[in-house]
Amino acid sequence: MGAPITDKKVLEKFLELDQPQNKCMCEYVWIDGTGEGLRSKCRTLDSVPKSVKEYPEWNFDGSSTYQAEGSNSDMYLQPVSVFRDPFRKGHNKMVLCEVFKYNRKPAETNRRYTCAQIMERAKDHHPWFGIEQEYTLLAFDGHPFGWPKNGFPGPQGPYYCGVGANKVYGRDIVEAHYRACLYAGVNIGGCNAEVMPAQWEFQIGPCEGIDMGDHLWMARYIMHRVSEEFGVVVTLDPKPMEGDWNGAGAHCNYSTLSMRNDGGIRAIEDAIEKLSKHHVRHIKAYDPREGKDNERRLTGQHETSSIHDFSAGVANRGASIRIPRQVAEDGRGYLEDRRPSSNCDPYAVTEVIVRTTCLDE
Ligand code: ADP
Ligand code: MN
Ligand code: MN
Ligand code: MN
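Presented here is a report on the structure given in the accompanying data block. (Residues numbered from 1 in each chain as written. Chains lettered and ligands numbered in written order. Predicted model: local features only at pLDDT ≥ 70, side-chain atom pairs only at ≥ 80, totals over all residues. Heavy atoms only, no water.)

1. Points about the overall build of the protein chain
Step number 1: When helices and strands are tallied, the protein chain shows ten helices and 13 strands.
Step number 2: For 361 residues, the compact-globule estimate of 2.2 N^0.38 gives 21 Å, and the protein chain sits close to it at 21 Å.
Step number 3: Dimensions of the protein chain, computed from C-alpha atoms along their principal axes, come out at roughly 55 × 50 × 40 Å.
Step number 4: Sequence-distant contacts, at least 24 apart, represent 65% of the contacts inside the protein chain between residues at least 6 apart.
Step number 5: Of the accessible surface of the protein chain, which amounts to about 17,100 Å², a share of 49% is contributed by carbon and sulfur atoms.
Step number 6: The average position of the 44 basic charges and that of the 51 acidic charges among the side chains of the protein chain differ by 2 Å. (Helix = DSSP H or I, 4+ residues; strand = E, 2+ residues; numbered from the N terminus. Rg over C-alpha atoms; globule rule 2.2 N^0.38 Å. Contact = heavy atoms within 4.5 Å. Areas by Shrake-Rupley, 256 points an atom, 1.4 Å probe, with all protein chains shown as cover. Lys, Arg positive; Asp, Glu negative; His and termini not counted. Charge placed at Lys NZ, Arg CZ, Asp CG, Glu CD.)

Written out as structure tokens, the structure is:
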């Protein structure tokens, strides 16, 4: 089962062909109607645009992406952020787009549109984010990559940040993704093997404002493409394996200018106080099904807090919000919101954090 893998050696013969200097291949990337899935398609431009504004608007068939009815299916792609293409290399680009409906209103899953407005209004706070993207590699049969076909690996313990063929599964994919992100210009900060075997994490950030969402979505796109080449599937499901196996989150680390300045711990405590008053609103924004996905993950076990309660604490990985120990010692820095699900939309997450803590609305 699964897509057949073609011979990459044959492909190489064609990728060696000269590409005309005046032809730029542009892969337009967008979020589909699930709010989770990514789609892309390519077009040739006759020169390399100098800024994102010079990339032409484009369109696609929204009835094939869960975004529109067949009778009125044209959707618009508005380029918003450009990256180098690590797959085609040269002067080719990957172009992240916002999606608009036939009437020019943002598509339902275009969460970037309002996020950008909020970030603009809060820009004097200089909000920084760093998101830890956890994910799980799967074989075509839906079983975690490298797990025994008819059973389970040994219990959790040796796998987190592990080393050795019996401890980590799929490091080639992780290494390829890291380099591809650096090449593309994605602000990747690090990576590590996670607690459940075949589960990994990469960190994007710190990014200011709208860049957080842009860079994380492009990092996810690159992850899916790299895995596709290895014949492995990536899932962002927050609890891919039931039972005594850790789920996957997208911890959102966050600071404003005043939190980063001397004595910033006061600003961090103020922000936590505000966050405590909006727990339900945040949970709704932290996965694509308004808390339904996170219900399976935020159980209060496996290094999570309960979805029903708000809590905060220094170095506490069982709390909604953790203040890293170093931050408590320095008296300034950032906080970590551990609630967002691995399949969250970072635009929705960062928007609601800034609304609550900077704009008081
Ligand atoms: P953890 O100990 O929770 O596993 P990680 O090292 O995986 O932490 O991730 C820490 C994240 O915090 C990184 O993405 C980093 O970019 C981010 N970060 C560091 N400093 C700040 C800051 N001042 N504001 C926002 N994010 C920050
Ligand atoms: Mn981490
Ligand atoms: Mn982690
Ligand atoms: Mn974390």
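And the narrative resumes.
2. Observations concerning the coordination of the manganese ion (ligand 4)
Step number 1: The coordination sphere of the manganese ion (ligand 4) contains the protein donors Glu132 (OE), Glu132 (OE), His251 (ND1) and Glu336 (OE), at a distance range of 2.0 to 2.5 Å.
Step number 2: Of note, the manganese ion (ligand 4) draws all its donor residues from one chain, in the sequence arrangement E-x118-H-x84-E.
Step number 3: Separating the manganese ion (ligand 4) from the manganese ion (ligand 2) is a gap of 3.9 Å, which glutamate 132 spans by donating to each of them. In this pair, histidine 251 is assigned in strand β10 (residues 250–255) and glutamate 336 in strand β13 (residues 335–337), connecting sequence segments 85 residues apart. (Donors = N, O, S within 2.8 Å, 3.2 Å for Na, K, Ca; no water.)

Shape descriptors only; they carry no functional weight alone.
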